[in-house]
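One letter stands for each residue in the lines below.
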Amino acid sequence: MFMGEYSHNLDAKNRLIMPAKFREQLGEHFVATKGLDGCLFVYPLSEWQTIEEKFREIPLTTKDARKFSRFFFAGAAECDIDKQGRVLIPGNLKEYAGIDKEVVSVGVLNRIEIWSKERWTTEGTYDDMDEIAEHMAELGLGI
């Protein structure tokens, strides 16, 4: 399970230092893709294969399924972590997430989310958490 929040800056070659706590679980090779809310989703290869299998079962006769599949898979890229723990974020993903210099990496159960610091500050507000918690309890996820 991935958890925690880490802030880093891209280096001069646009590489991100992947937090050490994420590296072991992530492995040397992983998949990054467009996520929801303007961030990037990062998955270990084993988790990515599970997601692929689930998508293969979805009927392509549904327009939303086709559209989401294109969004999720067309922007995906296999990435590598170098010996210093850095990863080069592909340009299309960097642009999608609005990543310029400051980056926040967030562990969220089975994935890592990579945010531009600016978007994380804007999206990461939790003023409505009581209301969301009530809705989550209705889904059976009470804490």
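Residues numbered from 1 in each chain as written. Predicted model: local features only at pLDDT ≥ 70, side-chain atom pairs only at ≥ 80, totals over all residues. Heavy atoms only, no water.

For the chain, an unreviewed UniProt entry supplies the name Transcriptional regulator MraZ and the organism Pseudobutyrivibrio ruminis. Under the UniProt heading Subunit (unreviewed entry), the note attached to the chain is "Forms oligomers." UniProt lists a comment for the chain under the heading Sequence similarities (unreviewed entry), and it reads "Belongs to the MraZ family." (UniProt positions renumbered as here; feature names shortened; annotations may be inferred.)

J.: Which residues make up unusual backbone geometry, and what values do they have?
T.: The phi dihedral of asparagine 14 is positive, around 60°, even though this residue is not glycine. Its place among the elements puts asparagine 14 in the loop between strand 1 (2–9) and strand 2 (15–17). Its relative accessible area of 30% is what places asparagine 14 among the partly exposed residues. Positive phi, close to 65°, is recorded for aspartate 37, a residue that is not glycine. Secondary-structure assignment places aspartate 37 in the loop between strand 3 (29–34) and strand 4 (40–44). (Helix = DSSP H or I, 4+ residues; strand = E, 2+ residues; numbered from the N terminus. Buried < 20%, exposed > 50% of the residue type's maximum accessible area, 1.4 Å probe, protein only.)

J.: So what about the UniProt feature "domain: SpoVT-AbrB" (unreviewed entry) in the chain? Which residues, and what values?
T.: When the UniProt feature table is mapped onto this chain numbering, "domain: SpoVT-AbrB" (unreviewed entry) sits at residues 5–47 and 76–119. Across residues 5–47 one finds 23% helix and 44% strand; the C-alpha atoms that close the span lie 20 Å apart. Helix makes up 23% of residues 76–119 and strand 48%. Its end C-alpha atoms lie 20 Å apart.

J.: Would you mind going over the side chain of glutamate 113 in detail, with residue names and values included?
T.: When you line up the elements, glutamate 113 lands in strand 8 (residues 111–116). A polar contact is formed between the side chain of glutamate 113 and the side chain of tryptophan 115, at a distance of 3.1 Å. Residue contacts for glutamate 113: discarding those within four places in its chain leaves Cys39, Leu40, Phe41, Val104, Ser105, Val106 and Val108. (Polar contact = N/O pair within 3.5 Å; in protein donor to acceptor, adjacent residues only side chain to side chain. Contact = heavy atoms within 4.5 Å.)

J.: Pulling in residues and values, what's your account of helix 3 (residues 63–74)?
T.: Over its twelve residues, helix 3 extends 16 Å from the first C-alpha to the last, a length consistent with the 16 Å expected when each residue adds 1.5 Å. Considered for burial, the residues of helix 3 that qualify are Ala65, Ser69 and Phe72. In an axial view of helix 3, the angular spread of the buried residues amounts to 80°, which keeps them on one side of the axis. Exposed residues pointing more than 90 degrees away from the buried face of helix 3 are listed as Lys63, Asp64, Lys67, Arg70 and Ala74. (Expected span 1.5 Å × (residues − 1). Arc of directions from axis to C-beta.)

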